[in-house]
Amino acid sequence: MSSTSTSDVLVVGGGIIGLVTAWRAAQRGFATSVVDPEPGGGAAQVAAGMLAAVTELHYGEQTLLALNLESARRYPDFVAELTGATGRDLGYRRCGTLAVALDADDRAHLRELHALQQRSGLASEWLSGRECRRLEPMLAPGVRGGLRVDADHQIDPRRLVGALMTACERAGVVFHRQWAERLTVVRERAAGVTTADGTGLAAGQVVLAAGSLSGRLGGLPREVLPPVRPVKGQVLRLTVPKRYAPFLSRTVRAVVRGSQVYLVPRESGELVVGATSEELGWDTTVTAGGVYELLRDAHELVPGITELPLTETRAGLRPGSPDNAPLLGPAQLDGLLLATGHYRNGVLLTPVTGDVMAHALTTGELPDEARPFTPRRFTAAELTEQPA
Ligand code: GLY
């Protein structure tokens, strides 16, 4: 080991989840470090930033819904605090979402979602195709109906992650721009990491927040290996020239032939179109097929997009977990906490994750709203059968 740096809290991973954890830990008075070769990178650089607790509701995910709604509820104060701390505009837009159907199958699917939302006490309104087009005139004439969800907003994840970097720096968080290669375990307690160049970083508590890479840190005992896997998402960015504005005034989404497609319009003129969902391991290639399918489906929804400049194509990796919910708080190894497995909801869950992790670091316990998300809910067998 070449040198040793010591902190109270060492966060492995400098994506949005690692950064919000580090910021909140530093605010609580912990001497905090982040180890990541490129902090501020990761899935947030690709994500569209939908805060879609209601429109992305799925059967069997009622427990996750409660956490998603709690985080959405905290978003306005979180944005105000982070903007106040950094002077940065985060692109938080309380614009709502319109989920539409293009054919009878899609409409049946949307009707089921509407019924589930109603049973869950969520506000959403069924609209005819004509009513959808009155709200969003760029929609295709073939739109058969839709759900208006006024509570599902958006934020610009690139701005969010940039602001979190600044907030961390201002709060005194130290950045080690290196790969964390191996967890150090001393007397059955996590005690830091060794980086790729052999540097030892010692810490009182270690938070593993490395997104889809969280299971790859060497030295993790099998019983604490986080069962996260990469789920690839390809995303496009287009630009709406000023003469076309407003092109869309809210997020528009649909399930087209079984695939999710969404269009997220920013005030800056950026239009984000996402996303594929592919179980292809660590592959982050942007493929002709992925771009074709997104453009084809988006064009069916909003034919005018073919006029817009295509400015970026990119793929990222969602950290999927066995139940699609995050792993938060103390692991089965003293001194080690997890903040990973946020899958499709990392941006949405950022505010509540920061608060939950600060609480766990301070008290050793999870707050009530996060108890169902303890990493200890997975059996040893589930932990060890995940792909390496
Ligand atoms: N939550 C959007 C996505 O993961 O594609």
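The model shown is predicted, which means the values in this text are computed figures rather than measured ones. (Residues numbered from 1 in each chain as written. Predicted model: local features only at pLDDT ≥ 70, side-chain atom pairs only at ≥ 80, totals over all residues. Heavy atoms only, no water.)

All right, on to helix H6 (residues 288–301) then. An α-helix turns once every 3.6 residues. As a result, residues three or four positions apart point the same way. For H6, with 14 residues, the first-to-last C-alpha span of 20 Å sits near the 20 Å given by 1.5 Å per residue. Among the residues of H6, Gly290, Val291, Leu294, Asp297, Ala298 and Leu301 are the ones counted as buried. Buried residues along H6 cover an arc of 140° about the axis, so they all sit on one side. Opposite the buried face of H6, at more than 90 degrees from it, the exposed residues are Ala288 and Tyr292. Of the surrounding secondary structure, the elements contacted by the buried residues of H6 are strand S4 (97–101), strand S12 (229–239), strand S13 (251–256), strand S14 (259–265), strand S15 (270–274) and strand S16 (310–320). (Helix = DSSP H or I, 4+ residues; strand = E, 2+ residues; numbered from the N terminus. Expected span 1.5 Å × (residues − 1). Buried < 20%, exposed > 50% of the residue type's maximum accessible area, 1.4 Å probe, protein only. Arc of directions from axis to C-beta. Contact = heavy atoms within 4.5 Å.)

Here we come to the site of the ligand. The local shell around the ligand consists of Met50, Glu56, Tyr262, Ala275, Arg318 and Arg344. Tyr262 has a polar side-chain atom sitting 2.5 Å from an oxygen atom of the ligand. Contact distances for the ligand include 2.7 Å between an oxygen atom and a side-chain N or O atom of Arg318. Of the residues in the shell around the ligand, the class split is three nonpolar, no polar and three charged. (Near = heavy atom within 4 Å. Polar contact = N/O pair within 3.5 Å; in protein donor to acceptor, adjacent residues only side chain to side chain. Nonpolar A, V, L, I, M, F, W, Y, C, P; charged D, E, K, R; others polar.)

Looking now at the side chain of Arg237. Locating Arg237 in the fold gives a position in strand S12. A relative accessible area of 2% means that Arg237 is categorised as buried. There is a polar contact of 3.3 Å between the side chain of Arg237 and the backbone oxygen of Val46. In terms of polar contacts, Arg237 uses its side chain to reach the backbone carbonyl oxygen of Ala47, at 3.1 Å. If sequence neighbours within four positions are ignored, Arg237 has contacts with Gln45, Val46, Ala47, Arg158, Arg266, Glu270, Leu271, Val272, Pro309, Leu310, Thr311 and Glu312.

This part is about the layout of surface pockets. Leftover empty space is mapped by rolling, across the atoms, a probe with the size of a water molecule. There is about 300 Å³ of room inside the second largest pocket. Forming the walls of the second largest pocket are 18 residues, and the residues nearest its centre are Leu57, His109, Leu113, Val255 and Gln260. Where the lining of the second largest pocket is concerned, the elements lending two or more residues are S4, helix H3 (104–119) and S13. The element that contributes the greatest number of residues to the lining of the second largest pocket is H3, accounting for six residues. (1 Å grid on protein atoms, 1.4 Å probe; cavity = no way out; pocket = protein on both sides within 12 Å on 5 of 7 lines; lining within 4 Å. Points joined across faces, edges and corners; volume = space filled by probe spheres on them.)

In this section: the side chain of Thr55. Looking at the element boundaries, Thr55 is found in the loop between strand S3 (50–51) and helix H2 (62–86). Overall, the relative accessible area of 7% leaves Thr55 in the buried class. A polar contact of 2.5 Å, which involves the side chain of Thr55, links it to the side chain of Asp152. When near neighbours in sequence (up to four residues on either side) are disregarded, Thr55 contacts Thr97, Ala99, Leu113, Gln117, Val149, Asp152 and Arg253.

In the structure shown here, the tally under the stated rule is one cavity of 30 Å³ or more. Taken as a whole, the largest cavity spans an internal volume of roughly 100 Å³. In this structure, the largest cavity is lined by 13 residues; those nearest its centre are Glu56, Glu61, Leu64, Asn68 and Asn345. Tallied by class, the residues present in the lining of the largest cavity amount to six nonpolar, four polar and three charged.

Let us look at the pairing of S12. Summarising burial for S12: ten of the eleven residues are buried, a large majority. Across ten bridges, the pairing between S12 and S16 is antiparallel. By the bridge assignment for S16, Leu236 is matched with Thr313. Here S12 runs beside S15; their pairing, made up of five bridges, is antiparallel. Paired with Thr239 across the two strands is Glu270, which belongs to S15. (Pairing = 2+ DSSP bridges.)

The subject of this paragraph is the packing of aromatic side chains. Within this structure, the stated rule accounts for three aromatic pairs. Between Trp23 and Phe78, the ring centres sit 6.2 Å apart and the planes meet at 70°, which makes this aromatic pair edge-to-face. With a gap of 55 residues between them, Trp23 in helix H1 (residues 16–27) and Phe78 in helix H2 connect regions that are remote in the sequence. Judged by its relative accessible area of 3%, Trp23 falls in the buried class. The exposure class of Phe78 is buried, given its relative accessible area of 2%. When the centroid spacing of 5.7 Å and the interplanar angle of 80° are considered together, the rings of Tyr75 and Phe78 count as edge-to-face. (Phe/Tyr/Trp six-rings, centres within 6.5 Å; stacked < 30°, edge-to-face > 60°.)

Further remarks concern the environment of Glu267. Following the sequence through the fold, Glu267 ends up in the loop between S14 and S15. C-alpha separation for the pair Glu267 and Leu328, spaced 61 residues apart in sequence, amounts to 33 Å.

Enumeration over the complete set of coordinates arrives at zero disulfides. Take Cys95: it sits in no disulfide, and the sulfur closest to it among the cysteines is that of Cys132, at 15 Å. You can call Cys95 buried: its relative accessible area is 14%. (Disulfide = S-S within 2.5 Å.)

None of this, on its own, says anything about what the molecule does.
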